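Results of the structural survey
Listed below are the residues making up each chain.
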Amino acid sequence: MNLESPIKNLKGVNLKILKKLEHLGIKTIKDLLFYFPRRYDDFSVITPIKYAKIGEQCTISGEVLSIANTRAYRSFMTITTAKITDGENTIQAIWYNQPFLIKNIHKGQKINISGKVGYQRKSLIMQNPAYEVLDSKPETTHTGRLVPVYKETRGLTSRWLRFLIKNALAFSSLLEDIIPEQIKEKRNLLNIKDAIEKIHFPQNRTEQNQAKKRISYEELFLIQLLIQTSKRKLKEYGAPKIEPDIEFTKNIISLLPFSLTDAQKKVLWQILKDMEKGTPMNRLVEGDVGSGKTLVALLSSANVAKNGWQTAFMAPTEILASQHFAEAKKVLRDFNISIALLTSSEKKVYEPELKEICSPKKQDLIKMINNNKVDLVLGTHSLIQDKVKFKKLGLVILDEQHRFGVAQRAALLKEQKTTPHLLSMTATPIPRTLAMTAYGDLDISLIDQMPKNRKKIITKVVPPQKRKDAYRFIKNEVSKGRQVFVICPKIEHNMPSSDGQNEIKLTQRQINNLKIKAVKEEYEKLSKKIFPDLKVAMLHGKLKPKEKENIMQDFKDKKYDILVSTSVVEVGVDVPNATIMMIEGADRFGLSQLHQFRGRVGRGEHQSYCFLFFESESETAKTRLKIMETCSDGFKLAEYDLKMRGPGDFLGKNQSGIPDVAMEALINPALISDAQEDAKDILKKDPDLKNYPKLKEKIEKMEQKIHFE
Ligand code: ADP
Ligand code: MG
């Protein structure tokens, strides 16, 4: 047996357990070893019973005086009660519905129990404590130590996982250490075997931290190696030199109904300066919702077109792609630039000579792109994944895609002789340290100024007793001709199960179904009970792109008063007449995301409002939401999110494949810069990693994975 052996061969895994493990994504011994605890219960201190405090967690060590099962009166529940003494005092351990325990625990045995101390019928008790019979084993697993707690699934508890992982640790000496010796020495890192053992069963907090550091470091080091190697590859190819045409750019701007903000001018200038060089630009533009990023991107692409090169402009959704197409046409129509929209539901080309839009067949449009007959192509992510080949791709624009930008662009290179410039744009400000991890040394531009005419959006956290007032207010706004967005609560990937003990991991399909259910319920409620005389529409992910588009268009055309939608920011569309953003279950969203939703209103001339309804009773949740009332700075909100919720929100926790323990390290600047320095060092001496075959193999695997995403 080895690390890659199927988990079914491991001692203790029967068919039932096997299914549960598969559910958690654990297929091999190695997978199990890399299934890290999500937290630890500190049961390391043994408390004499006389010092045990009611209501507090502790571990008690003693001898079993008696153990017996009883049946609870009029219920089908079995209760197992064990009396335990530490020589001076006694305590009762009580377990529910685990009658088999009397086979594991016997009178006279030494035992540890860990849990919360209670009091019942004049006796100290512990309900459902973790327990461990102390036979001749030198070391405890479930009590009397830092006890690892894992993400569980119904029928597979942390106790089971600990038992299985203990068995799997017999194979830990087979783990291959991919971090070179000299780096481990320099950075004082554990070897992988010790790190894995200690991440599961640390003797103390120091060991736990050492293990975490080592595992995080490896993650960061690999990311940095990947970024650095991709960058080297990109450098081998030149980038097209784009000569900025200032007169031409000024002409375009002069036809706009407004002037650029200073921030927009500054950022446009930075971009044009970058593209003038023969080396590929890698720039991230961060600007709050509504700061006018699209326009800056379009002006950049106009200069690229003027130089005879093409631009691929990718938006996160079809609706947004189609909105960008409309804006591109509006801004660039008189400047001899041909513009295409290519999504699964729409194929359009704007012909500048005819000043008309035609709708070619997909193959024909692809041919046009392939022959450099189109200057600017708007679409979704599939633009680069489909078999679309650009003849002269000069610039790639990614709108709202925070991914591993550099590596992604390396993937684009396959067919190209030169590297296109890369411009990423985001309204979720990515803090500097995170950006370094995800993108390597990219350049960042800030659009830190809003267009002048914007009114501040009035935000209110609405307590349950004020809900009616909010509805009345909304009704009044609608009667004045305004429109309303309603966002339904976010559906979590994990739901607590009914027994409150384990979490159930939901599949994407289940999540989608729950989302649709939430939208339908909200729609029913609003359209039938609350606003029976208003026109309400709903939007969710199950609808076909065309249906979504139609609903959005109808909403824009004021055929509906209220639009109920899931959180998929498919509402990213400009509806200047919408002035109210109402969010249900706002406490389930990150502040950045709430800010994004809020940015969907306040785009027209009227005063706009954002109402936040919440579900949680907790004070922290309310306090967190309250910040939205006073703060309208997306950057501040993002920093706050990062502090409170960790970096998962920014990198897409579920997609990034980065383990939770390492996630935290992604915002540890010292560790990041260590990893970066080490990666650069090693590549300087050995650019092809000839002396590090294991590292090389790992990096290649990561590259492959990104290519196929
Ligand atoms: P975001 O940065 O969120 O992507 P958009 O690019 O969608 O913002 O811009 C929002 C709106 O503001 C658009 O309708 C756009 O035409 C308009 N806009 C852009 N720049 C300015 C400006 N300097 N002054 C006034 N309005 C502007
Ligand atoms: Mg935008």
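Residues numbered from 1 in each chain as written. Chains lettered and ligands numbered in written order. Predicted model: local features only at pLDDT ≥ 70, side-chain atom pairs only at ≥ 80, totals over all residues. Heavy atoms only, no water.

Some points on the overall build of the chain
The secondary structure content of the chain amounts to 26 helices and 25 strands. A total of 709 residues make up the chain; the buried ones form 53% of that total. Partitioning the intrachain contacts of the chain with sequence separation of at least 6 by distance along the chain shows that 71% fall at a separation of at least 24. For the chain, the accessible area works out to roughly 33,800 Å², and carbon and sulfur atoms hold 51% of it. (Helix = DSSP H or I, 4+ residues; strand = E, 2+ residues; numbered from the N terminus. Buried < 20%, exposed > 50% of the residue type's maximum accessible area, 1.4 Å probe, protein only. Contact = heavy atoms within 4.5 Å. Areas by Shrake-Rupley, 256 points an atom, 1.4 Å probe, with all protein chains shown as cover.)

Details of the pattern of salt bridges
In this structure the tally under the stated criterion is 36 salt bridges. Linking lysine 559 and aspartate 554 is a salt bridge whose minimum nitrogen-to-oxygen distance equals 3.4 Å. For lysine 559, a relative accessible area of 48% translates into the label partly exposed. The residue glutamate 697 makes a salt bridge to lysine 701 at a minimum N-O spacing of 3.8 Å. Taken as a pair, glutamate 697 and lysine 701 lie in helix H26 (residues 693–708) at a separation of four residues, close to a single helical turn. A cluster of three or more residues bridged by salt bridges with shared partners is formed by Asp177, Glu181, Lys184, Arg214 and Glu218. (Salt bridge = Lys/Arg side-chain N within 4 Å of Asp/Glu carboxyl O.)

With respect to the pairing of strand E6 (residues 123–127)
Counting buried positions along E6 yields four of five residues, so the element is predominantly enclosed. Bridge count for strand E4 (residues 90–96) against E6 is three bridges, and the pairing is parallel. Bridge assignment links glutamine 92 to a residue of E6, and that residue is isoleucine 125. As paired elements, strand E5 (residues 110–120) and E6 share four bridges and run antiparallel to each other. The partner of tyrosine 119 across the bridge, within E6, is leucine 124. Once E5 ends, the chain turns through two residues before running back antiparallel as E6, passing arginine 121 with a positive phi of about 45°. (Pairing = 2+ DSSP bridges.)

Overview of the site of ligand 1
In the vicinity of ligand 1 there are 18 residues, among which Gln264, Gly290, Lys293, Thr294 and Arg454 approach most closely. At 2.6 Å, a backbone N or O of glycine 290 approaches an oxygen atom of ligand 1. Residue glutamate 327 places a side-chain N or O atom 3.5 Å away from an oxygen atom belonging to ligand 1. Protein coverage of the free-state accessible area of ligand 1, which is 560 Å², stands at 85%. Looking at the shell around ligand 1, the element that brings in the most residues is helix H10 (residues 293–306), giving three residues. Residues belonging to the shell around ligand 1 are distributed by class as follows: five nonpolar, seven polar and six charged. (Near = heavy atom within 4 Å. Polar contact = N/O pair within 3.5 Å; in protein donor to acceptor, adjacent residues only side chain to side chain. Nonpolar A, V, L, I, M, F, W, Y, C, P; charged D, E, K, R; others polar.)

A look at the sheet that holds strand E16 (residues 421–426)
Pairing is mixed in the open sheet, where nine strands are placed in the order E13-E12-E11-E14-E10-E15-E16-E9-E17. For this open sheet the edge positions go to strand E13 (356–358) and strand E17 (443–447), each flanked by a neighbour on one side alone. Geometrically, the sheet is characterised by an average inter-axis angle of 20° between neighbouring strands, direction not taken into account. In terms of strand pairing, strand E11 (residues 339–342) meets strand E12 (residues 347–351) through four bridges, oriented antiparallel. Of the residues in E12, the one forming a bridge with leucine 342 is lysine 347. Against the sheet, helix H9 (residues 262–276) contacts strand E9 (282–287), strand E15 (393–399), E16 and E17, and its axis sits at roughly 155° relative to E17. Contacts between helix H11 (residues 318–332) and the sheet are confined to strand E10 (310–314), E11, E12, E13, strand E14 (376–379) and E15, with E11 contributing the most and set at about 175° to the helix. (Axes fitted to C-alpha atoms, helices over the stretch in contact; angles between N-to-C directions.)

Concerning helix H12 (residues 362–370)
For H12, every residue scored as buried is listed here: Leu365, Ile366, Met368 and Ile369. The arc enclosing the buried residues of H12, seen along the axis, measures out at 155°, which places them on a common side. Exposed residues on H12 whose side chains face more than 90 degrees from its buried face are Gln363 and Lys367. In the core, the buried residues of H12 are packed alongside E10, E11, E12 and E14. Looking one or two residues beyond H12, the residue adopting positive phi is asparagine 372, at roughly 60°. (Arc of directions from axis to C-beta.)

Details of the sheet that holds strand E23 (residues 562–565)
Strand order across the open sheet formed by six strands is E18-E25-E24-E19-E23-E22, with parallel pairing between neighbours. In this open sheet, the two edge strands, each paired with only one partner strand, are strand E18 (458–462) and strand E22 (536–539). For this sheet, the mean inter-axis angle between neighbouring strands, taken without regard to orientation, is 20°. Pairing between strand E19 (residues 483–487) and E23: four bridges, direction parallel. The residue bridging valine 484 from the neighbouring strand is isoleucine 562, located in E23.

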